[in-house]
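Tertiary structure, described
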Amino acid sequence: MNTSRALLYSFTDPTFRPLKSPPDISSPKRRPRERLNFRVRLHADHRCCVFRVSVRNSGRGETGKVYADVKSERYEIVDSVPESVKLEKDALDDVVLDSTMPWWEEFPKRWVIVILCFSAFLLCNMDRVNMSIAILPMTAENNWNPATVGLIQSSFFWGYLLTQKVLGFGVIWWSVATILTPVAAKVGLPFLLVVRAFMGIGEGVAMPAMNNILSKWVPVSERSRSLAFVYSGMYLGSVTGLAFSPFLIHQYGWPSVFYSFGSLGTVWFAAWLTKAHSSPHDDPQLRPAEKKLIFANSFSKEPVETIPWGLILSKAPVWALIVSHFCHNWGTFILLTWMPTYYNQVLKFNLTESSLFCVLPWLTMAFSANLGGWIADTLVSKGLSVTTVRKIMQSIGFLGPAFFLTQLSHVDSPAVAVLCMACSQGTDAFSQSGLYSNHQDIAPRYSGVLLGLSNTAGVLAGVLGTAATGYILQHGKNSSLAFITAGSWDDVFKVSVGLYLVGTVVWNLFSTGEKILD
């Protein structure tokens, strides 16, 4: 007959004392010793259970662990518990989980996944916006004209269009492409375009893969805040990339931006391989309590076996979503890729000032997105229809940027111009509570399909918009990037404003917040 010990409970309680302290170890005149050990024997008929109790004074209260001696012998399982082994009522009411374990071992695994997704999105936008800063010294070094710059900026979206599924694969793919960017630029323009397209392929998998992973790991009750946290990584990534790129360029040259940012992706990938699993079912280290919480608060959808493309494409709200996504992203991607150039060439900011002032719109966007979400939820809770709320939020997301971009041609102060840019991006962020929330509204089961459709249209706007901006600037009053005039930029902004107005009309005429597809 073999005997072993099993850990039953670990607990911490500042008021904990044994119900009946053994006389040989307790002392009413002094504090408990640093460590107390005693046994509790429970007798039932001819059987005996032995519990070992360890109590330690940590200075903040007593912590304890309860072990049981387990013997490998046959025993009879009974339906009722003998009175002699019943614990005193409410004896374990104050028991909590062990706080003596390192905090990183107690940290919920699902939030490890959330943090990794957040950091992946942070790196995603860091690696995306670094080119918007580095393109300035690269242009001077290679004597590129605006049309060529627009072609380089848009090449990223060529690859992005192809992938709209594995997150870890995507991060390591785009990180390697980022590292290879300086090498490709030295070899020649065609090689640079290919590498940037490859980077777009890697980043194209990020959003759908992240949504798929979080839908498995995060219970419904925590999904909104986890998604908000993950998406805020994109804004923070833009801020980080724009803030650190000028320093790296001035200190170590423009290639250092790509080498350093790309290397961070390899570090992330190593952490992902050791800490993450695609599903809670696949994680052998996931604690049973957390697994129970995840599955108890999740709802299972009937899998989509066939996609009714004809039915989906026959619905006017679906086309309203697609067209509006295109109109929205045209202006957004132009500001993302060309804003530092505008600050540098039109407002005459130097490289460091250009990147630092580019941070302000992204910070404004992070604040406004959360503000818009709070307003939308409040309006719905007060009885306003989802359709009305979506139209209000998206109208702000269209008309706000349109208004502030039109003001840029009338301002003479760089400070006011920066303020207009920040307000444009800030009102743009209300779209998070408009069209970006509409996929789940109108077709919950096919929301992924709708996201793929509308996001493809949005990325197509990125391809055409960034390239068209370079063409407009190239064929403006001057052909050299160094002599771009404010008049050339007025034409760029007019196109964006026109599309914002088209999107406003289409959205308000044809969108809905009601479910149209089961």
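Residues numbered from 1 in each chain as written. Predicted model: local features only at pLDDT ≥ 70, side-chain atom pairs only at ≥ 80, totals over all residues. Heavy atoms only, no water.

The protein chain has the name Major facilitator superfamily (MFS) profile domain-containing protein in an unreviewed UniProt entry, where Salix dunnii is given as its organism. The protein chain has a UniProt comment under Sequence similarities (unreviewed entry) that states "Belongs to the major facilitator superfamily. Sodium/anion cotransporter (TC 2.A.1.14) family." (UniProt positions renumbered as here; feature names shortened; annotations may be inferred.)

1. Looking at the UniProt feature "transmembrane region" (unreviewed entry) in the protein chain
Here the UniProt-annotated "transmembrane region" (unreviewed entry) positions come out as residues 166–185, 191–214, 226–250, 318–339, 448–472 and 492–510. Each end of residues 318–339 is marked by a C-alpha atom, and these two atoms are 31 Å apart; helix forms 100% of the span and strand 0%. Note that residues 448–472 is 100% helix and 0% strand, and that its end C-alpha atoms are spaced 35 Å apart. (Helix = DSSP H or I, 4+ residues; strand = E, 2+ residues; numbered from the N terminus.)

2. Digging into helix H14 (residues 414–428)
Over its 15 residues, H14 extends 21 Å from the first C-alpha to the last, a length consistent with the 21 Å expected when each residue adds 1.5 Å. Within H14, burial applies to Ala-417, Val-418, Cys-420, Met-421, Ala-422, Ser-424, Gln-425, Gly-426, Thr-427 and Asp-428. Residue Ser-413 occupies the N-cap position of H14, its side-chain oxygen lying 3.3 Å from the main-chain nitrogen of Ala-415. (Expected span 1.5 Å × (residues − 1). Buried < 20%, exposed > 50% of the residue type's maximum accessible area, 1.4 Å probe, protein only. Polar contact = N/O pair within 3.5 Å; in protein donor to acceptor, adjacent residues only side chain to side chain.)

3. Regarding the packing of aromatic side chains
For the structure on display, the rule yields 13 aromatic pairs. On the basis of an interplanar angle of 50° and a centroid distance of 6.0 Å, the ring pair of Phe-326 and Trp-330 is categorised as tilted. With Phe-326 and Trp-330 both in helix H11 (residues 316–345) and four residues apart, the pair spans about one turn of that helix. Here Trp-330 falls in the buried class, since its relative accessible area comes to 10%. (Phe/Tyr/Trp six-rings, centres within 6.5 Å; stacked < 30°, edge-to-face > 60°.)

4. Examining helix H4 (residues 167–187)
Across its 21 residues, H4 extends 30 Å between first and last C-alpha, which sits within 8% of the 30 Å expected from 1.5 Å per residue. Where H4 bends most, the angle comes to about 40°, and this point is Thr-181, followed within four residues by the proline Pro-182. Among the residues of H4, those classed as buried are Leu-167, Gly-168, Gly-170, Val-171, Trp-174, Ser-175, Ala-177, Thr-178, Thr-181, Pro-182, Ala-184 and Ala-185. (Bend = angle between axes of the 7 residues up to and from the residue.)

5. Quick notes on the confidence of the model for the protein chain
With 71% of its residues at a pLDDT of 70 or more, the protein chain shows a mean pLDDT of 77. Helix H13 (residues 386–407) holds the highest mean pLDDT among the elements of the protein chain, 94, whereas strand E1 (residues 3–13) holds the lowest, 54. Per-residue pLDDT stays below 50 along residues 13–34; that stretch engages in 26 contacts with residues further than four places along the chain or on separate chains. Note that pLDDT drops below 50 for residues 89–99; the model gives that stretch 18 contacts with residues more than four away or on any other chain. (pLDDT = per-residue confidence, 0-100. Contact = heavy atoms within 4.5 Å.)

6. A short note on a nonpolar patch on the surface
A cluster of nonpolar side chains, namely Val-176, Leu-180, Val-183, Val-187, Phe-191 and Tyr-259, defines an oily patch on the protein surface of about 530 Å² accessible area. Element by element, the count of residues in the nonpolar patch is highest for H4, at four residues. Mapping Leu-180 onto the fold places it in helix H4. Judged by relative accessible area, Leu-180 falls into the partly exposed class, the value being 42%. (Patch = residues over 30% accessible without salt bridge, like charges linked within 9 Å, V, L, I, M, F, W, Y side chains within 5 Å. Areas by Shrake-Rupley, 256 points an atom, 1.4 Å probe, with all protein chains shown as cover. Salt bridge = Lys/Arg side-chain N within 4 Å of Asp/Glu carboxyl O.)

7. Some points on the packing of H11 against helix H16 (residues 447–474)
The N-to-C vectors of H11 and H16 enclose an angle of 40°; their axes lie 7 Å apart at closest approach. Compared by their axis directions, H11 and H16 come out oblique. For H11 against H16, the interelement crossing comes out right-handed. (Axes fitted to C-alpha atoms, helices over the stretch in contact; angles between N-to-C directions. Parallel < 35°, antiparallel > 145°, perpendicular 65-115°, else oblique. Left-handed = near helix turned anticlockwise from the far one by under 90°.)

8. Concerning the side chain of Arg-390
Note on placement: Arg-390 falls in helix H13. Overall, Arg-390 belongs to the buried group, its relative accessible area being 13%. Contacts of Arg-390, omitting those with residues within four sequence positions, involve Ser-433, Gly-434, Ser-437, Asn-438, Asp-441 and Trp-507.

9. Concerning the pattern of salt bridges
The tally for this structure, following the rule as stated, stands at five salt bridges. For the salt bridge of Glu-290 with Arg-110, the shortest nitrogen-to-oxygen distance reads 3.2 Å. One exposure class covers both Glu-290 and Arg-110, and it is buried. The residue Glu-141 makes a salt bridge to Lys-186 at a minimum N-O spacing of 2.9 Å. Relative accessible area serves as the criterion here: at 56%, Lys-186 is assigned to the exposed category.

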